[in-house]
Amino acid sequence: MDAVEVILLVINIILLLALLAQTRKKRVKKTVIMREGEFTEGALERAQISIEELFSQAREKGCFNLGDVDTAVLEESGKISFLLKPTCRRLTPKDFNFAPVRDGIPRVIVKNGEIIEEELEKAEIKREEIMTVLLSRGRRLENILLATVTESGRIDVFEKNPVDSGE
């Protein structure tokens with residue numbers, strides 16, 4: 001490659017990057033696409049968003065029905081934020097004026113059928129207590145892949161998959 005070809009290649013790359021930046025600039029302005037469940041007039045055209053892209057981004061956020069959307073906003077990042085209608089949002093404890101107990105980070109107290117004594121001690125649980133829990137749930141220690149306890153005392157137990165345990 002001679003010097004002229006290299007210069008032309010560099011110029012083409014610079015022009016392409018400038019064109020991409022210009023296209024991106026057109027899309028970075030925040031735009032309200034839907035308000036109160038209705039499309040804002042001309043918003044899709046102004047935002048340069050196709051219906052297919054709108055559906056795709058809605059599905060990525062777990063919304064498979066645009067009829068459930070109250071507000072949709074094209075953010076400066078190019079992503080679309082969706083606010084569901086009040087009747088379509090998931091209920092939270094706050095909706096019931098309820099504050100759940102904080103679970104905290106769980107400790108692994110059983111791993112591959114073996115009790116981890118140090119973790120039991122840190123969680124302030126006695127070996128007999130975990131054995132009683134397993135027995136009450138109809139589980140045997142040797143069949144436990146993983147058992148954890150949260151700071152609030154919730155114990156979750158996961159059995160080995162029969163294929164993994166050789167059964």
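What counts, and where the lines are drawn
Along each chain, numbering runs from 1 in the same order as the chain's sequence is written. Since the coordinates come from a predicted model, pLDDT governs what is reported: local features require at least 70, and pairs of side-chain atoms require 80 or more to be given and counted, while whole-chain, interface and lining totals use all residues. The side-chain figures draw on all heavy atoms in the structure; neither hydrogens nor water molecules are used. Accessibility here uses a 1.4 Å probe with only protein chains present; expressed as a share of the type maximum, an area under 20% marks a residue as buried, one over 50% as exposed, and anything in between as partly exposed. A run of H or I in DSSP becomes a helix once it reaches four residues, and a run of E becomes a strand once it reaches two; helices and strands are each numbered from the N terminus. Here the arc refers to the directions that run from the helix axis out to each C-beta atom. Any two residues whose heavy atoms approach within 4.5 Å at even a single point are treated as in contact. The pairing criterion is simple: DSSP has to find at least two bridges between the two strands. Whenever a nitrogen or oxygen atom comes within 3.5 Å of another N or O atom, the pair is scored as a polar contact, on the condition that within protein one atom can donate a hydrogen and the other can accept it, and that pairs from neighbouring residues in sequence are kept only if both atoms are in side chains.

A. View of helix 5 (residues 127-136). Along helix 5, the residues classified as buried are I130, V133 and L134. Along the long axis of helix 5, the arc covered by the buried residues comes to 95°, so they all point the same way. Along helix 5, the residues that are exposed and aim more than 90 degrees away from the buried face are E128, T132, L135 and S136. At its buried positions, helix 5 is contacted by strand 5 (107-111), strand 6 (114-115), helix 4 (117-122), strand 7 (144-149) and strand 8 (155-159).

B. Structural view of the pairing of strand 1 (residues 31-35). In this sheet, strand 3 (residues 69-74) lies alongside strand 1 in antiparallel orientation, the contact comprising 3 bridges. Bridged to M34 within strand 3 is A72. In this sheet, strand 2 (residues 38-39) lies alongside strand 1 in antiparallel orientation, the contact comprising 2 bridges. Note that in strand 2 the partner of M34 across the bridge is F39. Count of turn residues in the strand 1/strand 2 antiparallel hairpin: 2 residues, of which E36 carries a positive phi of about 55°.

C. The side chain of T31, seen in detail. On the secondary structure map, T31 appears in strand 1. Among the residues examined, T31 registers a relative accessible area of 10% and is labelled buried. Side-chain polar atoms of T31 contact the backbone oxygen of K29, separated by 3.1 Å. Setting aside chain neighbours within four positions, we find T31 in contact with A43, R46, A47, A72, V73 and L74.

D. Spatial organisation of helix 3 (residues 51-60). Listed as buried for helix 3 are L54, Q57 and A58. Buried positions in helix 3, seen along its axis, are confined to an arc of 105° and lie on one side of it. In helix 3, the exposed residues that point more than 90 degrees away from the buried face are E52 and E60. Considering only its buried residues, helix 3 is in contact with strand 1, strand 2, helix 2 (43-47) and strand 4 (80-84).

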